[in-house]
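# Residue-level structure breakdown
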Amino acid sequence: GAGVSQTPSNKVTEKGKYVELRCDPISGHTALYWYRQSLGQGPEFLIYFQGTGAADDSGLPNDRFFAVRPEGSVSTLKIQRTERGDSAVYLCASSLTAGSSTDTQYFGPGTRLTVL
Amino acid sequence: SQQGEEDPQALSIQEGENATMNCSYKTSINNLQWYRQNSGRGLVHLILIRSNEREKHSGRLRVTLDTSKKSSSLLITASRAADTASYFCATGRSGNTPLVFGKGTRLSVIA
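Anyway, here's the lowdown on the structure attached to this text. The structure presented is a predicted model; accordingly, all values stated were derived computationally and were not measured. (Residues numbered from 1 in each chain as written. Chains lettered and ligands numbered in written order. Predicted model: local features only at pLDDT ≥ 70, side-chain atom pairs only at ≥ 80, totals over all residues. Heavy atoms only, no water.)

### Examining the overall build of chain A
Keep this limit in mind: Put simply, DSSP marks the helices as runs of H or I at least four residues long and the strands as runs of E at least two long, and each gets a number from the N terminus on. Each residue's exposure class comes from its accessible area (1.4 Å probe, protein chains only) as a fraction of the maximum for that residue type: buried when under 20%, exposed when over 50%, partly exposed otherwise. Contacts are assigned to residue pairs with any non-hydrogen atoms lying within 4.5 Å of each other. Here the Shrake-Rupley method, with its probe set to 1.4 Å, supplies the accessible areas, and only the displayed protein chains count as covering residues. His is not counted, nor are the chain ends, whereas Lys and Arg count as positive and Asp and Glu as negative. Just so you know, the charge point we use is NZ for Lys, CZ for Arg, CG for Asp and CD for Glu.
Each helix and strand counted, chain A has zero helices and 11 strands in total. Counting from the amino terminus, helix and strand elements in chain A follow one another as β-β-β-β-β-β-β-β-β-β-β. Across its three principal axes, chain A shows a C-alpha extent of roughly 40 × 25 × 25 Å. Taken over 116 residues, chain A has a buried fraction of 46%. Pairs at least 24 residues apart make up 55% of the contacts formed inside chain A by residues separated by at least 6 positions. Surface summary for chain A: the accessible area is close to 5,300 Å², and the carbon and sulfur share equals 48%. Once the 11 positive and 11 negative side-chain charges of chain A are each reduced to a mean point, those two points are 8 Å apart.

### Thoughts on the interface of chain B and chain A
Selection rule: Buried area adds together the accessible area that both of two parts lose upon being put together, with accessible area traced by a 1.4 Å probe. Salt-bridge detection follows one rule: a side-chain nitrogen of Lys or Arg within 4 Å of a carboxyl oxygen of Asp or Glu. Two N or O atoms form a polar contact when they lie within 3.5 Å of each other; inside protein one atom must be a possible hydrogen donor and the other a possible acceptor, and for residues adjacent in sequence the pair counts only when both atoms belong to side chains.
The partner chain A presents 29 residues to the 25 residues of chain B that form the contact. Taken over both partners, the interface formed by chain B and chain A buries close to 1,900 Å², and the fraction arising from carbon and sulfur atoms is 50%. For the chain B face of the interface with chain A, the top three residues by lost area are B:Arg41, B:Leu43 and B:Thr97, together amounting to 28%. Taken together, the connections running from chain B to chain A amount to zero salt bridges. Between chain B and chain A we count four residue pairs in polar contact (both at pLDDT 80 or more) in total. Among the secondary structure elements, those contributing two or more residues to the side of chain B that touches chain A are β4 (31-37), β5 (43-50) and β10 (99-101) of chain B.

### Concerning the environment of A:Glu71
All names here are of chain A. Along the chain, the position of glutamate 71 falls in the loop between β7 (65-68) and β8 (75-79). Classification of glutamate 71 by relative accessible area gives exposed; the value is 74%. Once the C-alpha coordinates of glutamate 71 and glycine 51 are considered, the two residues, 20 residues apart in sequence, prove to be 7.8 Å apart.

### A closer look at the pattern of salt bridges
Residue and element names in this part refer to chain A. Counted under the stated rule, the structure contains seven salt bridges over all chains. Arginine 64 is the salt-bridge partner of glutamate 83, the closest N and O atoms lying 3.5 Å from each other. Placement of glutamate 83 in the loop between β8 and β9 (88-95) and of arginine 64 in the loop between β6 (53-56) and β7 is noted, with a sequence separation of 19 residues between them. Residue classification places glutamate 83 among the partly exposed positions, given a relative accessible area of 39%. Judged by its relative accessible area of 6%, arginine 64 falls in the buried class. The salt bridge partner of aspartate 86 is arginine 64, with a shortest N-O separation of 2.8 Å. Residue aspartate 86 is found in the loop between β8 and β9, and its partner arginine 64 is found in the loop between β6 and β7; the two are separated by 22 residues along the sequence. The pair aspartate 86 / arginine 64 is uniform in exposure class, with both members buried.

So, in structure tokens, the structure goes:
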């Protein structure tokens, strides 16, 4: 596609509910990243995939967060038992490969998650 | 945790003036990148400078990198109202993944 797309653009949910956030990377990009950005802060790394496998999930805050990329393209970030502190903009990015010092990460528009 | 720290946190200038933003980081890096973000949503990649480079230009943008001081600067020349945005520096460890962002500088360019 033309760029990284994310759906939904906005998600409002109640505390304790389960949510799924979707990311469609640029076609042909093998690396996919999830970041979370709180108000007034820079994005913070959550997890990244090289192909179908999670290469680094050290940024996931706890076991309520999980992400998959079953076919090496679209990825879904899943949050169980949401808490008010999960409210943030969730950003997805993709790059042609991971492991190259010159690969640019291209970001999607983000999903703004609000937990009431 | 965030590695980079941009300075100043906010900057307001008149259209036509130059804007300089600084970034400091803590650990060794493979490269440093600058991004722009409008309205708290998607980030736009501006420029990447590798750890063995000292200066890089792209249009009205000039980036410098001083690895001995663990700092970088972004200069936007002849600013325009459309340059109003938040600017973030992000450092890449080995292999460019994952990026570690600073808190950003909010730039306002007044027409």
